[in-house]
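Reading the structure
Given next are the chains, with one letter for each unit.
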Amino acid sequence: MKPISLCWQSEGIMPAAEAKISVLDHGLLYGDGIFEGLRFYGNKVLDLEQHLARLQRSAQALALALPLPIEGIRQALEQLIEAYEEDQGYLRLLVTRGLGNLGLNPSHCPRPQLLIIVDQLSLSSSSAQEKGLHLITSSIKRLTSLGLDSRIKSLNYLPSILARLEANHAGADEALLLNERGYIAEASAENIFIETDQGLITPPAIDGALEGITRQRVINLAKRVGISVQEQSISPYDVFNAKSCFLTGTGAGLLPVASLDGRDLQQIKTKLFTQLQEEITAYIDDQIRQ
Ligand code: PMP
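About the cut-offs
- Residues numbered from 1 in each chain as written.
- Predicted model: local features only at pLDDT ≥ 70, side-chain atom pairs only at ≥ 80, totals over all residues.
- Heavy atoms only, no water.
- Helix = DSSP H or I, 4+ residues; strand = E, 2+ residues; numbered from the N terminus.
- Contact = heavy atoms within 4.5 Å.
- Polar contact = N/O pair within 3.5 Å; in protein donor to acceptor, adjacent residues only side chain to side chain.
- Salt bridge = Lys/Arg side-chain N within 4 Å of Asp/Glu carboxyl O.
- Buried < 20%, exposed > 50% of the residue type's maximum accessible area, 1.4 Å probe, protein only.
- Patch = residues over 30% accessible without salt bridge, like charges linked within 9 Å, V, L, I, M, F, W, Y side chains within 5 Å.
- Areas by Shrake-Rupley, 256 points an atom, 1.4 Å probe, with all protein chains shown as cover.
- Axes fitted to C-alpha atoms, helices over the stretch in contact; angles between N-to-C directions.
- Parallel < 35°, antiparallel > 145°, perpendicular 65-115°, else oblique.
- Left-handed = near helix turned anticlockwise from the far one by under 90°.
- Nonpolar A, V, L, I, M, F, W, Y, C, P; charged D, E, K, R; others polar.
- Pairing = 2+ DSSP bridges.
- Near = heavy atom within 4 Å.

**A word on the side chain of E279**
Topologically, E279 is positioned in helix α8 (residues 271-289). Not counting residues up to four positions away in its chain, the partners in contact with E279 are L221, R224 and V225.

**Some remarks on the side chain of T270**
With respect to the helices and strands, T270 occurs in the loop between β15 (263-264) and α8. Looking at T270, its side chain comes within polar contact range of the side chain of E195, at 2.6 Å. In this structure T270 touches E195, K243 and S244, once residues within four positions along its chain are discounted.

**Some remarks on the pattern of salt bridges**
The final tally for this structure, using the stated rule, is 16 salt bridges. Of the charged contacts, one joins R97 and D32 as a salt bridge, the two residues approaching to 2.8 Å between their closest N and O atoms. In this pair, R97 is assigned in the loop between β5 (88-96) and β6 (113-119) and D32 in the loop between α1 (26-30) and β3 (33-41), connecting sequence segments 65 residues apart. The pair formed by R97 and D32 is uniform in burial state, with each residue classed as buried. Residue K243 is joined to D197 by a salt bridge in which the shortest nitrogen-to-oxygen separation is 3.9 Å. Of the two residues, K243 is situated in the loop between α7 (236-241) and β13 (244-249) and D197 in the loop between β10 (191-196) and β11 (199-202); the sequence distance between them amounts to 46 residues. Via salt bridges that share partners, E49, E71 and R74 belong to a single interconnected network.

**Notes on a nonpolar patch on the surface**
On the surface, I21, V23, L24, L28, L29, Y30, L99, L102 and L104 cluster together to form a nonpolar patch covering roughly 850 Å² of accessible area. Along the chain, L99 turns up in the loop between β5 and β6.

**A few points about the packing of helix α2 (residues 48-61) against helix α3 (residues 70-84)**
Direction vectors running N to C along α2 and α3 enclose 130 degrees, while the axes themselves pass 12 Å from each other. By the angle between their axes, α2 is oblique relative to α3. The way α2 lies across α3 gives a crossing that is right-handed. In this structure, α2 contributes L48, E49, L52, L55 and Q56 to the contact, and α3 contributes I70, I73, R74 and L77. Here the residues of the contact of α2 with α3 are counted per class, giving six nonpolar, one polar and two charged.

**Points about the pairing of strand β9 (residues 184-187)**
Two elements, strand β8 (residues 174-178) and β9, share three bridges in a ladder whose sense is antiparallel. Note on β9: the bridge partner recorded for L176 is A187. Between β8 and β9, which pair antiparallel in sequence order, lie five residues; one of them, G182, sits at a positive phi of approximately 90 degrees.

**With respect to the environment of L6**
Within the secondary structure layout, L6 lies in strand β1 (residues 6-9). Note: C-alpha distance between L6 and I117 (111 residues apart in sequence) is 5.7 Å. With near-sequence residues (within four places) excluded, L6 lies in contact with I13, M14, P15, A16, L80, A83, Y84, I116, I117 and V118.

**Here we look at the site of the ligand**
In the vicinity of the ligand there are 16 residues, among which K153, Y157, E186, T214 and T250 approach most closely. Between the ligand and R54, the relevant distance is 2.9 Å, taken from an oxygen atom to a side-chain nitrogen or oxygen of the residue. In the model, a nitrogen atom of the ligand is placed 2.6 Å from a nitrogen or oxygen of the E186 side chain. For the ligand, whose accessible area on its own is 380 Å², the fraction buried by protein is 93%. Elements with a minimum of two residues in the shell around the ligand: α6 (213-224) and β13. Among the residues forming the shell around the ligand, the class breakdown is four nonpolar, seven polar and five charged.

Written out as structure tokens, the structure reads:
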């Protein structure tokens with residue numbers, strides 16, 4: 001039986017289905033807030049420091065005061081994991097602007113709110129892992145310097161949601177968002193890598209990508225085993241000409257790509273992809289044991 005999802009709020013820990021936020025919270029009214037998605041194994045949150053650092057950068061960029069000092073957030077995570085009593089799971093940590101009035105001015109929201117939800121989450125089916133994902137190029141653009149900075153992990157996900165709707169309507173698994181210059185930014189909820197004869201290439205944050213924690217882990221692991229990684233602009237042309245392509249995310253892990261816009265890519269699971277997957281599994285085992 002699936003364990004009951006729990007939520008940490010300042011009032012305490014309760015079943016997530018019973019946790020409440022105000023209808024006047026600007027996280028709900030305006031998407032004014034930030035979040036992190038994390039995984040834990042045993043009582044160890046994977047890459048916790050990197051997630052907390054990204055949370056702080058997102059908060060800083062939105063002039064959002066974190067409701068607790070980082071040490072307090074760490075303790076809240078520990079308490080929730082202990083109460084959940086499972087040996088692994090997924091954590092969703094949100095900071096909303098908090099209770100305000102119906103106007104959007106954040107200066108009327110004196111107390112940001114912290115919520116942490118724990119649940120089981122599997123974002124990749126075994127068929128996606130085996131056969132690869134079918135992608136489309138979305139008509140929705142990920143604006144870079146002209147819009148919201150993609151490095152902010154904000155609660156406003158409408159471009160991603162619209163892109164995913166397009167993928168659903170096309171019978172595809174996931175969508176790629178291009179930026180205003182026509183270069184690939186990322187997928188709706190994952191970063192993208194292509195593999196070429198020269199090594200791996202992933203778009204830089206300046207092209208509209210989130211600074212993904214899994215993306216960084218793949219970069220570090222690849223470099224450690226002597227594979228070159230470039231942060232460089234890529235377009236659909238580069239995907240069609242690549243040896244292979246894969247997506248990365250905390251929820252999804254590493255996902256091979258089978259096709260883009262109905263065209264099969266050259267290979268699905270290359271030797272390098274399998275090697276990176278093994279390296280990641282070894283990294284996780286290593287982290288748990290520490
Ligand atoms: N891009 C977007 C838009 C995302 O929502 C996510 C998932 N958090 C990612 C990339 C992957 O980031 P991470 O590896 O930190 O989960």
